[in-house]
Amino acid sequence: MVDELGVAVVGFGWMGRVHTQAYARVPHHFPLPALRPRLVAVAEEVPGRAEEAAERYGFASATRDWREVAADPRVQAVSVTAPNFLHREIGVAMAAAGKHLWIEKPVGLTAGDARAVADAVAAAGVCGAVGFNYRNAPAVERARDLIAAGELGRVTHVRIRLFSDYAAHPDGALTWRYERERGGSGVLGDLASHGADLARFLLGDIAALTADTAVFLPERARPAGATAGHTLASGGERGPVENEDYVSCLLRFASGARGVLEACRVSVGEQNNYGFEVHGTKGAVFWDFRRMNEFGVSLGTTYQDQPISTVYVGPGDGEYGAFQPGAANAMGYDDLKVIEAYRFLRSIAEGVPHGATLADAVHSAAVLDAMARSAETGGWVTPQA
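Below, the structure is looked at part by part. (Residues numbered from 1 in each chain as written. Predicted model: local features only at pLDDT ≥ 70, side-chain atom pairs only at ≥ 80, totals over all residues. Heavy atoms only, no water.)

### Structural notes on helix H8 (residues 187–203)
Thought 1: With 17 residues, H8 extends 22 Å from end C-alpha to end C-alpha; this agrees with the ideal 24 Å at 1.5 Å per step.
Thought 2: For H8, the principal kink sits at Ser193 and spans about 35 degrees.
Thought 3: Burial within H8 is extensive, with 16 of its 17 residues counted as buried.
Thought 4: Within two residues after H8, Gly204 carries a phi angle of roughly 95 degrees, on the positive side. (Helix = DSSP H or I, 4+ residues; strand = E, 2+ residues; numbered from the N terminus. Expected span 1.5 Å × (residues − 1). Bend = angle between axes of the 7 residues up to and from the residue. Buried < 20%, exposed > 50% of the residue type's maximum accessible area, 1.4 Å probe, protein only.)

So, in structure tokens, the structure goes:
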């Protein structure tokens, strides 16, 4: 007999929808003999949005107050997809109420926020998962296996990039995302958080870093009403952009490898240009999110003029086999969130963590804090996880 797990989603913008659809799709792709998610409640403060979500996706109830979700005995697990400044308060409250927690990155505005949520999850004895979805790509997991097996030799250096144009339009609305108090560290939290997680996932702990940041579009128009995603708002009262559009960072890993991490949210001409290049003493591996289901690899003993081959992932690579029967059939972004949902549910069922945890969120947030400190001081900083 399959047990049902009552789940709720707090915050129903785009990411709330992605989480909801992921829960619904998990049984389609993965056998879960011990656990099946049931959509119990949705919370969203924008009037009418929670009710619309309930009608469309089948949640049993809708509310504008997330505290009702925390008090609801039907809810056993919660996705937190609300804005960054609410992550700590909601995450701590849900854990204290005994709810398993799947929370989006960067888990608050600082490493202190992420640590508070992690501590609350540990104290409550519930499971905690974090939305570092890019590490779930089968090609990324295959690349990690190659690195760990020593196929590249000793890793010497890595370059990680996260370039996007979602904030490039000068009429992009001045939402919470651009405020220091509510949005935190700008592109650091939005994109570089993924880069920090990928760096550690692939190569281990970051020992020290030095960073530079910039704001390239210093003013935006305030929106007239509720927003979702990256809304345009021309003609309104203009206000200052308080957090970073761009960051570049030099990394020193505990292993001795070196790295470059660069992220920008105002890169005209770049749509989700995310990826990495890892070089070692014998070979290299390359991955581009826009070609998610393949990676480039250079292996051998020729060193100089050594060719790069394209490898298509297939069954046996990560969770690829749950989606496609043969290599080179495409997976997409939403599939990565289905994998994340499955691993969250599996963690609850088995009592053993699978996938990114709150500890991973703390490490990523510590790197972001170190970037911000380095940009202020101009020096090298050691992340304090």
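### Description of the pattern of salt bridges
Thought 1: Under the counting rule described, the total for this entry stands at 24 salt bridges.
Thought 2: The salt bridge involving Arg88 is made with Asp113; its shortest N-O contact spans 3.0 Å. Taken together, the residues span a long stretch of sequence, with Arg88 in helix H4 (residues 87–96) and Asp113 in helix H5 (residues 111–124) at a distance of 25 residues.
Thought 3: For Arg88, a relative accessible area of 39% translates into the label partly exposed.
Thought 4: With a relative accessible area of 12%, Asp113 lands in the buried category.
Thought 5: Arg346 is the partner of Glu350 in a salt bridge, and the nearest nitrogen-oxygen pair spans 3.0 Å. Residue Glu350 and its partner Arg346 are located together in helix H9 (residues 333–350), separated by four residues, close to a single helical turn.
Thought 6: Residue classification places Glu350 among the partly exposed residues on the basis of a relative accessible area of 45%. (Salt bridge = Lys/Arg side-chain N within 4 Å of Asp/Glu carboxyl O.)

### Some details on the sheet that holds strand S13 (residues 273–280)
Thought 1: A sheet is described by the order of its strands in space; here eight strands give the open sequence S8-S11-S12-S7-S13-S14-S15-S16, paired in mixed fashion. The sheet is open, and its two edges are formed by strand S8 (206–214) and strand S16 (309–312), each paired on a single side. Pairwise comparison of adjacent strand axes, ignoring direction, gives a mean angle of 15 degrees for this sheet.
Thought 2: Sheet analysis places strand S11 (residues 246–253) next to strand S12 (residues 258–264), joined by seven bridges and oriented antiparallel. Bridging from a neighbouring strand, Ser248 pairs with Glu262 of S12.
Thought 3: Along the sheet face, helix H6 (residues 138–148) touches strand S7 (155–163), S13, strand S14 (284–288), strand S15 (294–298) and S16 and points at about 20 degrees away from the line of S15.
Thought 4: Its contacts with the sheet place helix H10 (residues 358–377) against S8, S11 and S12, and it is angled at close to 55 degrees to S8. (Pairing = 2+ DSSP bridges. Axes fitted to C-alpha atoms, helices over the stretch in contact; angles between N-to-C directions. Contact = heavy atoms within 4.5 Å.)

Don't take any of this as a statement about function, it's just geometry.
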